[in-house]
Every structure is written in C-alpha cells, then in structure tokens.
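Each chain, written out:
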Amino acid sequence: MTFDRREFLKISAGAGAVAVAGLSGCATSVASARPKVVVVGAGFGGSTFARYLKMWEPKAEITLIEPNDKFTSCPFSNTVLAGINQMEDITFGYDHIKKVVDAWVQDTVTAIDTTKRIVTTAGGKTFAYDRLVLAGGIELLFDKVQGYTAEAQKTIKHAWKAGPDQTGVLRKQLEAMPDGGTFVMSVPMAPYRCPPGPYERACMVATYFKKAKPKSKIIVLDGNPDIASKKGLFLAAWKKHYGYGTDNSMIDYRPNNMPRAVDPVKMMVGTEFDDVKGDVINVVPPMQAASICDLAGVRVGLDGKPGPWCAIDYRTFESLTVKNVHILGDSTLTNFPKSGSVANNTGKMCASAIAELLNGREPDAAPVVTNTCYSASSPDTAFHVATVFRYGEGNKMVAQKGGGVSKEESELEFAYMESWAHNVWADTLGLPADYKFTAKG
Amino acid sequence: MKKSLAFALIAAGVLGAVAQAQAVDTRARFMAANCAYCHGPDGKSRGAIPSLAGLDKGYFVDQMKAFRDGSRPNTVMSKHAQGYTDAEYAALGAWFAAIK
Ligand SMILES: Cc1cc2nc3c(=O)[nH]c(=O)nc-3n(C[C@H](O)[C@H](O)[C@H](O)COP(=O)(O)OP(=O)(O)OC[C@H]3O[C@@H](n4cnc5c(N)ncnc54)[C@H](O)[C@@H]3O)c2cc1C
C-alpha cells in the first residue's frame, strides 16, 4: 500500500500544503506553487490524463513526452487491413494536446531517477517532477520468438502497435499476396493488449479476402487453449460470413499453437507441433508493460517481485512500490481488459485522484471505471463486451453484476462502434466539436 | 432600505460563488467523464450514440432505471446501468442536466 489511510487522514487535518507534502513526499501542492506533473507517452492513457488534469487542476504544470508526432489508433486498425479504412482515417495530429499541456516534448524517455525525481530523454533533456505518470503501453518481447530478429522484423509485422510501418506495411503485404495464398497470424498468451483484437483481425482480413482473394486462407495460431474473448460471437460470425466449420472455411483456427520461431526467408512459423508456411506472416510476440516502467522500477507484481505488469493502488494508480509514480493503461496489473476504453477511462480516474491529492484532499474512496470493447465481425456488423468495475476493500476492482457481451452481431452496433471510435478519439485527443472524421465503422 | 437591493445582489453574488465552489461534486464529475468514451466529451456525442448534455434530470434517471430493469430495449446500456446506484443516477443526471 502506498499510503496508510489513517496516516493520511491525520496529516490532512493539518494545513493543506503540508498535508500533501507529508502524504506523498511531494514538495509542491497547488496551495503553494505549481506542482510539476511529467507524463510519459501520449497514447490513449497519457493524452486523456493530461487533458483532464489540466481541466480539473489548471495549476498543475504538465510536461508530456512522446516520440511520435502523430497519433495512430490501434482501435480500427483492423478495418484498415480489411480495406474499409485507410491509414489517414485512423491517424490524428496532436494539435490540441500540444496546446493544452505546458510543455510538449517530442522525445523518448531513457532514464528515470525516482529518488531525485528526474526524468531524462534520449535528446539529453531532464525534467524534475512531483508526480510522474507512465503511460507507455506495452513492450513487445521479440526475443521470446526464435528468429524474430531486427532483420526478420522487416518482413514479419506484428501490427500490434499501429502505424505506417506496421499496419500500413501489413496491408500492403496482403494487397500484394496472390489469390489462393495463405495468411498466418498469431494470438499471444493472455493477458495481452486487446483480448478480442486478434479474432477481429481474422474477421477483417477475411472480409478483404472474401471480396478480393476468395481462394485465400487464414491460419490463426492461438497460444491460448481457446478463443480468449467473445468466443460464441466470433464463432457465430466466422460460421455466418467465412464458412467456418465447413470444408470451405476461410479461417483455420488452431488453439494451443504458440509461435516459438519464425523464418522470414522460408516464410515459416514454428509451433511446438508444426511448421506452418505462409505467404504473409503476422506474428504478435509475447508482451509486458512498457520498458519505461522498468526504468522507474515499477514493473513489479503484487508480491513485490519483478513481473510483467505494474501493481498499483486502484484509487490513485500510484505504484505500490515507488511513491509519486503512477502507471496507466496497458502497463498496469489489473483485472480490466487492456483496451483503449480502459486507458481513456482510467486516465481520467488518475487525473481526478491527482487533482485531489495536489489539493491536499483525499481521492475518491470507491471509484468506478468501465470497459467496453466493440469488435467488427463483417463490413457491416459488430458486437461488444462491457463491464463496470467498482473499487472494493483491500485494493480490488470488483466486476459488477450485469456485465457481458451482445446477444448477437448487428448493424446497429456497427454504427455505435463508429460513434464510439469518434467519441473516444475526440475525448482522448481533445478534437474540436466540428472535427471531420473520415473513418467508417 | 435603499441599499438593500445592492446589498442583496452582492450577498447573492458572494454566496453564489461560495455555493458554486462547494458545488463541484468531483465524484460526479469523474463518473460523468466515464461515459465520454461513448457519449463524447461533456456528453456531446459525435455520431449514432445519443448525446447526454442538457438532458432533463428526471428523464435521465428514468432512462437509467429502464435500462437497468430491461424495460427500455438497448444494446449496451443495461450493462452500464446495472453498475451504478440510484444515488449515482441522480448525481449523474444533475451533472449532465447542467451542461449547456
Ligand atoms: C489491433 C488492435 C485493435 C484494438 N482495438 C481496440 C478497440 O476496438 N477498442 C479498445 O478499447 N481498444 C482496442 N485496442 C487496444 C488499445 O489500442 C490499447 O489498449 C491502448 O492503446 C492502450 O493505451 P496506452 O495509453 O496504455 O498505450 P498506447 O496507446 O500504446 O500509448 C503508449 C504511448 O507511449 C509512448 N511511449 C512508449 N515508450 C516511451 C518512452 N520511452 N518515452 C516516451 N514515450 C513513450 C508510445 O509512443 C505511445 O504513444 C486495440 C489494439 C490493437 C493492437
């Protein structure tokens, strides 16, 4: 536990500024000066956090550090593989975020000193902080797949971090593939970023093949023993739209088939059982919390030992082991699915908590956060999974009853999915009310 | 008595400001922001999902109850509505009703 509740209450009965200093070891509160908040990563979590903290506590001096000049959305990137959307439709400028924060730094964080509370970038700049927010997403572990070298990565794309070099290249590879070719894709072991994402990807590539290359096949190598998300809905969609279960199925689904090796020259993927040949290969390696979390020493599990994800206090998203360091989005150890909806939602939850802490007040004792993931099952149908989580005694987020999945795929949900995308992009990036979206659902 | 109107206005102004400062229900503010990833920032939606900004509080609370008990057909809202209490419906309703 990062702070003891009784201790907190005792201290906060005193003067506000002192209370915050006593609580967190922070030197600065809004009562005395402008507390420095450094945010690393301007994805779904970091951008949303920065935008909302500025709204809720304008005195916070926010520095946002991000290497990319543009935001490319992973949500909807599978529709680019289908040919429903183009890369431009899921790519956005950071114009509004740049205006909102006190300093926008286009750079990569390379070192974090949590004792002196200083962050250093590749460009050699340093930034002092009172509160540090790490929203770096995921680190992909290429060395867990034999042969997945830097050279191999030129041919084999994961497209699990969307961008022109990943999603864009994979789409071009699919376009260049002859009809009758084989697309081999993989599903990492849970927990991974976007549980329904790989199965949606199979639907979207099948959508493209059905239209442009009907003799082609998709082999899905799943490291998990079964479809890890929305199983019934995906199976129904695969049957209805892509012949699954018949001799003519476009999708060949293989559970318990973890890719262990790749060969970009022979174009093969090796599992424990088989060597599978493909014309286009798309392997998503295992993953863990972004490497910045390790730089800060917060990639630590509930047992206090190093682990793949970061254990946090769910009321504040502060690390359980290092004070004044908060972690957001996919990097956290939680029972939430790793989704853009959750990263957006918890970005606000963390902003709300930090706004309270900077004012010497206690953060919400029982915050509620929600997840909803829409998946496209065909060019006009979609379905969802939705859950509400509420803080419970002993640092738990408890899934509330009533959550679950759509009864069936529908065109109505395809329209809602498109609206969701526009709204989550607008909310994350602060897009103006008259922003002209071009992405179709 | 001539001063009374001016005094009343000043008093109202001061009290109004104090009331407003106290009125920021930070819990409702965050909970309402929870809905933004579908209903848009400040409950102003782009596209097919309805906006929440400016909805009448009574109407809002009735809809949440109807989603919860299933009497209003819906795709996703029953799942969200079941996660909140009646008191939270009221706080959320007041929050969205106040948005212009
Ligand atoms: C194919 C696919 C489909 C998906 N579909 C959906 C969907 O439909 N709905 C949904 O809710 N979610 C979806 N997701 C999941 C969603 O994309 C992630 O959960 C979300 O991006 C997590 O947000 P984040 O802020 O944790 O990380 P990110 O959004 O990845 O942001 C991390 C940021 O940190 C930056 N960064 C990393 N290291 C450093 C460093 N050292 N210094 C500075 N900056 C750094 C990165 O450049 C990046 O901008 C999908 C994902 C995939 C791959």
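Along each chain, residues carry numbers from 1 onward, in the same order as the chain's sequence is written. Whichever chain is written first becomes A and whichever ligand is written first becomes 1, with later ones labelled in order. Note on the predicted model: pLDDT of at least 70 is required for a residue's local features to be given, and 80 or more for side-chain atom pairs to be given and counted; whole-chain, interface and lining totals, by contrast, use all residues. Only hydrogens and water are set aside when side-chain values are computed; all heavy atoms of the structure are taken into account.

Asker: When you look at the layout of surface pockets in this model, what are you seeing that I'm missing?
Answerer: One water molecule sets the probe size; rolling that probe over the atoms shows where empty space is left. Here the term cavity refers to a set of points on a 1 Å grid, laid over the protein atoms alone, in which a 1.4 Å probe fits but cannot get out; the term pocket refers to an open set having protein on both sides within 12 Å along at least five of seven lines, with lining residues being those that place an atom within 4 Å of a point. Grid points are joined across faces, edges and corners, and a volume is the space filled by probe spheres set on the points. Empty space within the second largest pocket amounts to approximately 600 Å³. Forming the walls of the second largest pocket are 29 residues, and the residues nearest its centre are B:His39, B:Pro50, B:Leu52, B:Phe67 and B:Met77. Secondary-structure elements contributing two or more residues to the lining of the second largest pocket are β22 (368–378) and α11 (411–429) of chain A together with α3 (36–39), α4 (57–69) and α5 (77–81) of chain B. When residues in the lining of the second largest pocket are grouped by element, the largest group, 5 residues, is from α4(B). We count a stretch as a helix when DSSP gives it H or I for four or more residues in a row; a strand needs E for two or more, and each element gets its number in order from the N terminus.

Asker: Would you explain the sheet that holds strand β6 (residues 109–113) of chain A in this entry?
Answerer: In any sheet, the strands associate via hydrogen bonds between backbone groups, in a parallel or an antiparallel arrangement. All names here are of chain A. Sheet architecture is open: 3 strands sit in the order β6-β7-β8, paired in antiparallel fashion. In this open sheet, the two edge strands, each paired with only one partner strand, are β6 and β8 (126–128). On average, adjacent strands in this sheet sit at an angle of 20 degrees to one another, irrespective of strand direction. Any two strands between which DSSP finds at least two bridges are classified as paired. In this sheet, strand β7 (residues 118–121) lies alongside β6 in antiparallel orientation, the contact comprising 4 bridges. The residue of β7 that forms the bridge with Val109 is Thr121. Angular values range over 0 to 180 degrees, each being the angle between N-to-C directions of two axes fitted as lines to C-alpha atoms, with helices fitted over their stretch in contact.

Asker: Could you clarify how one ought to interpret the confidence of the model for chain B in this entry?
Answerer: Keep in mind that low pLDDT regions are not for reading the predicted coordinates in detail. Model confidence for chain B is summarised by a mean pLDDT of 84, while 77% of its residues fall at 70 or above. Counting interchain partners and residues more than four positions distant, the pLDDT-below-50 stretch residues 1–22 of chain B has 1 contact. A residue's pLDDT is the confidence the predictor assigns to it, expressed on a 0 to 100 scale. By definition, residues are in contact when any of their heavy atoms lie within 4.5 Å.

Asker: Explanation requested: the environment of A:Lys157 in the structure shown.
Answerer: Residues and elements named next belong to chain A. With respect to the helices and strands, the residue Lys157 is situated in the loop between β10 (138–140) and α6 (164–176). Each C-alpha atom of the pair Lys157 and Gln173 lies 9.6 Å from the other, and the pair is 16 residues apart in sequence. In this view, Lys157 contacts Tyr148, Asp165, Gln166, Val169, Leu170, Gln173, Ile281, Asn282 and Val283; residues no more than four positions away in its chain are not counted. N or O atoms within 3.5 Å of each other form a polar contact, as long as, within protein, one can give a hydrogen and the other can take it, and as long as residues adjacent in sequence are counted only when both atoms are side-chain atoms. From its side chain, Lys157 meets the backbone oxygen of Gln153 in a polar contact 3.1 Å long.

Asker: Quick question: what am I supposed to make of the site of the ligand here?
Answerer: Residue and element names in this part refer to chain A. Close contacts around the ligand come from 33 residues, with Gly45, Glu66, Arg193, Asp330 and Gly340 the closest. With respect to the ligand, the backbone of Ala135 contributes an N or O atom lying 3.3 Å from an oxygen atom. The backbone of Gly340 places a nitrogen or oxygen atom 2.8 Å from a nitrogen atom of the ligand. Note on areas: Shrake-Rupley with a 1.4 Å probe; residue coverage comes only from the protein chains shown. Protein chains shield 90% of the accessible area of the ligand, which is 1000 Å² for the free molecule. Among the secondary structure elements, those contributing two or more residues to the shell around the ligand are α3 (44–56), α4 (77–82) and α10 (340–358). At 3 residues, α10 tops the list of elements feeding residues into the shell around the ligand. Side-chain classes follow a simple rule in which Ala, Val, Leu, Ile, Met, Phe, Trp, Tyr, Cys and Pro form the nonpolar group, Asp, Glu, Lys and Arg form the charged group, and the remainder, Gly included, forms the polar group. Residues belonging to the shell around the ligand are distributed by class as follows: 14 nonpolar, 13 polar and 6 charged. Composition of the shell around the ligand by domain shows at least three residues from each of domain 1 (5–15 + 22–67 + 107–140 + 288–363) and domain 2 (145–285). Throughout this document, a residue counts as near a molecule or strand when at least one of its heavy atoms sits within 4 Å of that molecule or strand. Domain borders in the structure are assigned automatically or taken from a domain database.

Asker: What am I meant to see in the side chain of A:Asn344 here?
Answerer: Mapped onto the elements, A:Asn344 comes out in helix α10. A polar contact is formed between the side chain of A:Asn344 and the side chain of A:Thr48, at a distance of 3.4 Å. Aside from chain neighbours lying at most four places away, what touches A:Asn344 is A:Phe44, A:Thr48, A:Val424, A:Asp427, A:Thr428 and B:Tyr37.

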